[in-house]
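The primary structure of each chain is shown beneath.
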Amino acid sequence: MGSHLCDRLLAAGHEVLCVDNYFTGTKRNVAHLIGNPYFELQRHDVTFPLYVEVDQIYNLACPASPVHYQHDPVQTTKTSVHGAINILGLAKRVRARVLQASTSEVYGDPEVHPQDEAYWGRVNPIGTRSCYDEGKRCAETLFFDYHRQHRVDIKVVRIFNTYGPRMHPDDGRVVSNFVVQAIRGSDITIYGDGAQTRSFCYVDDLIEAMLRMMSTDAGFQGPVNIGNPGEFTMLALAEMVIRLTGSRSKLVFQPLPSDDPRQRQPDISLARKRLDWEPRVGLEDGLKETIAYFRSILS
Ligand SMILES: NC(=O)c1ccc[n+]([C@@H]2O[C@H](COP(=O)([O-])OP(=O)(O)OC[C@H]3O[C@@H](n4cnc5c(N)ncnc54)[C@H](O)[C@@H]3O)[C@@H](O)[C@H]2O)c1
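So, here is what we can say about the structure in this document.

Rules used in this analysis
- Residues numbered from 1 in each chain as written.
- Predicted model: local features only at pLDDT ≥ 70, side-chain atom pairs only at ≥ 80, totals over all residues.
- Heavy atoms only, no water.
- Salt bridge = Lys/Arg side-chain N within 4 Å of Asp/Glu carboxyl O.
- Helix = DSSP H or I, 4+ residues; strand = E, 2+ residues; numbered from the N terminus.
- Buried < 20%, exposed > 50% of the residue type's maximum accessible area, 1.4 Å probe, protein only.
- Axes fitted to C-alpha atoms, helices over the stretch in contact; angles between N-to-C directions.
- Parallel < 35°, antiparallel > 145°, perpendicular 65-115°, else oblique.
- Left-handed = near helix turned anticlockwise from the far one by under 90°.
- Contact = heavy atoms within 4.5 Å.
- Expected span 1.5 Å × (residues − 1).

1. Notes on the pattern of salt bridges
Logical step 1: Applying the stated criterion across every chain, the model contains 13 salt bridges.
Logical step 2: Close ionic contact of Glu-208 with Arg-8 constitutes a salt bridge, the shortest N to O distance being 2.7 Å. With Glu-208 in helix H6 (residues 203-214) and Arg-8 in helix H1 (residues 2-11), this pair connects stretches of sequence that are 200 residues apart.
Logical step 3: Arg-8 sits in the partly exposed class, given a relative accessible area of 35%.
Logical step 4: With a closest N to O distance of 2.9 Å, Arg-148 and Asp-145 form a salt bridge. Residue Arg-148 and its partner Asp-145 are both found in helix H4 (residues 130-150); the two are separated by three residues, about one turn of the helix.

2. Here's the deal with the packing of helix H3 (residues 73-94) against H4
Logical step 1: Interaxial distance between H3 and H4 falls to 8 Å at its minimum, and their mutual angle equals 15°. By the angle between their axes, H3 is roughly parallel relative to H4. Note that H3 runs across H4; the crossing there is right-handed. Every residue of H4 that contacts H3 at Pro-73, Thr-76, Thr-77, Ser-80, Val-81, Ala-84, Ile-85, Leu-88, Gly-89 and Lys-92 is listed here: Cys-131, Tyr-132, Gly-135, Lys-136, Cys-138, Ala-139, Leu-142, Phe-143, Tyr-146 and His-150.

3. Quick look at H6
Logical step 1: When the terminal C-alpha atoms of H6 are compared, their 17 Å separation across twelve residues agrees well with the 16 Å that a helix rising 1.5 Å per residue should span.
Logical step 2: Most of H6 is tucked away, with nine of its twelve residues classed as buried.
Logical step 3: Those residues of H6 that sit buried are Val-203, Asp-205, Leu-206, Ile-207, Ala-209, Met-210, Leu-211, Met-213 and Met-214.

4. Let's talk about helix H7 (residues 234-245)
Logical step 1: With twelve residues, H7 ought to run about 16 Å at 1.5 Å a step, and its terminal C-alpha atoms sit 16 Å apart, in line with that.
Logical step 2: Of the residues making up H7, those classed as buried are Met-234, Leu-237, Ala-238, Met-240, Val-241, Ile-242 and Thr-245.
Logical step 3: One or two residues past the end of H7 sits Gly-246, with phi positive at roughly 65°.

In structure tokens, the structure reads:
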């Protein structure tokens, strides 16, 4: 997502400093920007303090897929919590506006459906997903406390499943999994019976919402849900991917991982109202772009 954000900010005439420790990110995603005099790339881990002069900060640093965030769960919590403290400290020092990329995972396995921002969530504090979910919840707490205590100008968005070109092919997220499996002609793995639903937002729509959130009035902090409310079962997604890739892959079923939510769908009424935003790219069109990307890197 960060590389798409860099593209959009540069196109809008901003100077961009992109900071990444390359844990899940890759230089390839921003290679086309190297050489642009308004773009800088810095290898840095946000769990350490950062001293730079900036006007606005988008904090997207955090592994986002279960495979990656469970690889080193302690580092995942540190990235969200120490990362938030360091980034908020920087924002406080240079008086920068700062946006936090939070997540629908703060709602955990929800009892209400769809989830709006007033819902506090139902999160397991000691499970294998907790390093991500609780890390992001604590980061939100820090954002709002820095705002109340130090008047830092914060914005918080809660992102629901987002996909698109430049995703990591082995990150285990459902869209990349299905597309890569379909292109390779291998079995498509469905966890559980495939009746669990997710909503999928195309990356361009998501970045547009983030940019709009960054330009809202100082009196508005969020949190704001951003995502695409269109809801699809995993089975329907798998069938669409097979059709669009023309693949002969077969569906295979495996047990559900622990704490996997049954349903996840954003209520985006607040984003519609405050950001005048709603997603424009349908799943089929977004998947076509994503399939074209994966074909280009897998061939
Ligand atoms: N894609 C989604 O569906 C989704 C949903 C909800 C929230 N989010 C959030 O949006 C943000 C971006 O997600 P993405 O999908 O682009 O995932 P991604 O894994 O592609 O991007 C995360 C980036 O953070 C970097 N990073 C990780 N730990 C770091 C550290 N300690 N210091 C510096 N950089 C670090 C990674 O190298 C990578 O470039 C994440 O914070 C994620 O939690 C994403």
